[in-house]
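# Structure assessment
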Protein chains: 2
Amino acid sequence: MSANFVENLELGMEKLHKIGAFLTVKEGDRVNTMTISWGNIGFEWRRPIFTALVRKSRYTFDLIEKAESFTVSVPVNNNLKKELGFCGSKSGRDFDKFKECNLELVPSKAVETPIIGGEDMIHYECKIVYKQAMDPSLLDKKIQEECYGDDDYHTLYYGEIVECYRS
Amino acid sequence: MSANFVENLELGMEKLHKIGAFLTVKEGDRVNTMTISWGNIGFEWRRPIFTALVRKSRYTFDLIEKAESFTVSVPVNNNLKKELGFCGSKSGRDFDKFKECNLELVPSKAVETPIIGGEDMIHYECKIVYKQAMDPSLLDKKIQEECYGDDDYHTLYYGEIVECYRS
């Protein structure tokens, strides 16, 4: 792994939490993106891994359950605030988010799911290598109350980061 | 979260992978530490989270299954290479690793499990908020072969990072 790769990993993680990011998934002919501000990055199974969380109620869940990849695009200079707002509050069942937000899909280098085009963004291209639905019985009670009052639990998707770069 | 907290988080993550770290767990009167080089860091459930992986065969597994906290201590300048080697290859069932390696246990600021004393280390104090045993049927076949030929799967422990600092 190059120093650049690691630097981008870290910058992306910091900005993901502060600014948010586009989690994009392509499955067959369907593509959707949603806004995330949670997620984690690390090294396991001898690979750099991005872990994304998707609630079962989401349109993205329908896609990612069948998909082999996802991408995460982080606008590090926060120039897509309005677009992140739209993609985090509207569903891909009701809107073509790319059209509504004028977002461009750009082919990825290594996976089938495209990235979101734009200047000065960090992109993670991830191949899904593991996933697991959360087991509520093992979760801290306070977090259950704070985050899952509606029982809409997340599934965790572990993606091997096969490419990480800044556009 | 202060800028310092985030800076330490990121430095620790980078060094964890390159150098390794001590994963320490206290349960009742028993304390043990083991060497890790995997793990990931991020933000989920509105909290900074450290995810540690422990195989079921480990002595640490016996402790962490009943514990409420763990700590991770990363020697960022790689001055404890021999000690990391010992703690990664010997079992706490056979050795008092602290005595053998002359490692000092220092009380944590916020959790029951102590940290490993020493100069220039990044410490994560973590309160366990979620855990889940891996489900082999959902894992990539190549990773299964590479990492789990012996069926000794990991359990993932998600710790809320309640303190993160450099000693």
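Reference entry: report on the structure contained in this document. (Residues numbered from 1 in each chain as written. Chains lettered and ligands numbered in written order. Predicted model: local features only at pLDDT ≥ 70, side-chain atom pairs only at ≥ 80, totals over all residues. Heavy atoms only, no water.)

### Regarding the pairing of strand β5 (residues 69-75) of chain A
Residue and element names in this part refer to chain A. To keep things clear, this is the line we draw: A 1.4 Å probe rolled over the protein chains alone gives each residue an accessible area, and that area as a share of the maximum for its type sets the label: buried under 20%, exposed over 50%, partly exposed in between. Only DSSP runs of H or I with at least four residues qualify as helices, and only runs of E with at least two residues qualify as strands; both kinds are numbered from the N terminus onward. Criterion used throughout: strands pair if DSSP finds at least two bridges between them.
Among the 7 residues that make up β5, 7 are buried, leaving the element largely enclosed by the rest of the structure. As judged from the 3 bridges shared by strand β1 (residues 21-27) and β5, these two strands associate in the antiparallel manner. Counted as the bridge partner of Phe 22 is Ser 73 from β5. Relative to strand β8 (residues 121-133), β5 is paired through 7 bridges, and the arrangement is antiparallel. Residue pairing in the sheet places Val 72 in a bridge with Tyr 124 of β8.

### A word on the packing of aromatic side chains
As a reminder of what qualifies: Centres within 6.5 Å are what make two rings of Phe, Tyr or Trp a pair, Trp counting through its six-membered ring; a difference in plane orientation under 30 degrees is then read as stacked, over 60 as edge-to-face, and the rest as tilted.
Applying the stated rule across the entire model yields 14 aromatic pairs over all chains. A ring pair is formed by Phe50(B) and Tyr124(B), whose centres lie 5.2 Å apart and whose planes are at 55°; its orientation type is tilted. Residue Phe50(B) is located in strand β4 (residues 47-55), and its partner Tyr124(B) is located in strand β8 (residues 121-133); the two are separated by 74 residues in the primary sequence. Neither residue differs from the other here; Phe50(B) and Tyr124(B) are each classed as buried. With a centroid separation of 5.4 Å and 80° between ring planes, the pair formed by Phe86(B) and Phe95(B) is classed as edge-to-face. Judged by relative accessible area, which is 19%, Phe86(B) ranks as buried. Of the aromatic side chains, those joined through ring pairs into one cluster are Trp45(A), Tyr130(A) and Tyr158(A).

### Description of the interface of chain A and chain B
Put simply, the rule is: Here a residue-residue contact requires only that any non-hydrogen atoms of the pair lie within 4.5 Å. For any pair of parts, buried area is found by adding up, for both, the accessible area (1.4 Å probe) each one loses once the two are put together. Salt bridges are defined as contacts in which a side-chain nitrogen from Lys or Arg sits within 4 Å of a carboxyl oxygen from Asp or Glu. Following the grouping adopted for this structure description, the nonpolar residues are Ala, Val, Leu, Ile, Met, Phe, Trp, Tyr, Cys and Pro, the charged ones are Asp, Glu, Lys and Arg, and the polar ones are all others, Gly among them.
The interface is formed by 37 residues belonging to chain A together with 37 residues belonging to chain B. The junction of chain A with chain B conceals about 3,700 Å² of combined surface from both sides, 57% of it contributed by carbon and sulfur atoms. Between chain A and chain B we count 4 salt bridges in total. Note that Arg47(A) and Glu146(B) form a salt bridge whose closest N and O atoms lie 3.0 Å from each other. Sorting the residues of the side of chain A that touches chain B by element identifies α1 (3-19), β3 (39-44), β4 (47-55), β8, α5 (141-147) and β9 (154-166) of chain A as the ones contributing at least two each. For the side of chain A that touches chain B, the residue count by class is 19 nonpolar, 7 polar and 11 charged.

Everything listed is a geometric property; what it means functionally is a separate question.
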